[in-house]
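Single-letter residue listing:
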Amino acid sequence: MNKATPVWGLMAALPEELGDLVHRLQAPTTHRIAGRDFIQGQLQGQTVHAVTARIGKVAAALTATTLIERFGVNHLVFVGVAGGLGQQVRRGDVVVAHELVQHDLSAWPLFPRGEIPLLGKTRLSCDPTLTQALQIAAQEALVGEQRLHSGLIASGDQFIQGHDMAQRIRDHYPDVLAVEMEGAAVAQVCEECGVPFAVLRTISDVADDGAAHDFVAFMRDTAAPLASRVLARLFAG
């Protein structure tokens, strides 16, 4: 992990996914850039920039780049919800990414399916030290029957619902655990900028025909409290 004094970036696609983090920042100041509120403050004595990125890979990449280039963020964590694709992954479980891939990226036949052109990689690895710390915090934050998983998360500019859409991703990436719309874009920005990053997702559905059902309620009642507990433990550690 980067040995420089940590300047943290905390991202989510939607405000509910950050839990109560923004309200716990001390001496907050807000910077409005590109239609987003970048809220800077202190948390457990560390400098934190929290922001809602909006949905999708372009929105996430823009936000991550702004955090790094404008605010000097050198450690980045993304939290939010995802659809479960792994066989053992259930609604309410938590997935911490070890790798991320863009399931909708293909420059075939110029490059292999899924490979990021000119970067030479298909899967992007999360920072191992930061990821381990996030896993420990997540394990301590689980309640009830929630379970923690770690592995591959796929990202793409599609809301995945229905067996056929989900199975196409599984066919290309048999070890995939979850699918969402931002993480791999953040991973690419951090990879190219040399910034350690980690991603945590709470499973809101299993990418079936009912994936959109009670989505907002799940974020409010399950994902947001979990994010609050995880981030509190991450910074306390």
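The structure under discussion appears in the preceding block.
What counts as what
Residues numbered from 1 in each chain as written. Predicted model: local features only at pLDDT ≥ 70, side-chain atom pairs only at ≥ 80, totals over all residues. Heavy atoms only, no water. Core = buried A, V, L, I, M, F, W, Y, C linked by side-chain atoms within 4.5 Å. Buried < 20%, exposed > 50% of the residue type's maximum accessible area, 1.4 Å probe, protein only. Helix = DSSP H or I, 4+ residues; strand = E, 2+ residues; numbered from the N terminus. Contact = heavy atoms within 4.5 Å. Pairing = 2+ DSSP bridges.

Draft legend 1. Molecular detail of the nonpolar core. Counting residues in hydrophobic clusters, the biggest one holds 37 residues, and the most contacted among them are M11, L67, L76, L100, V186 and F197. Contributing elements (two or more residues each) for this core: β1 (7–12), α2 (57–71), β5 (75–84), β6 (94–102), β9 (176–180), α5 (183–193) and β10 (197–205). By residue number, the principal contributor to this core is α5, which donates 6 residues. Sequence-distant contacts of V186, defined by excluding residues within four places in its chain, comprise M11, A60, A64, L76 and F78. Among the nonpolar cores identified, the runner-up in size contains 28 residues, and V77, L200, A227 and F235 belong to it.

Draft legend 2. Structural view of the pairing of strand β8 (residues 148–155). With 6 of 8 residues buried, β8 is to be regarded as a mostly interior element. Pairing of β6 with β8, which is carried by 8 bridges, proceeds in the parallel orientation. Within β8, the residue paired with E99 across the bridge is L152.

Draft legend 3. Representation of unusual backbone geometry in the model. In this structure, P109 follows W108 across a cis peptide bond, with omega equal to 10 degrees. Within the secondary structure, P109 sits in the loop between β6 and β7 (124–125). Residue A34 is not a glycine yet carries a positive backbone phi of 50 degrees. Classification of A34 as partly exposed rests on a relative accessible area of 46%.

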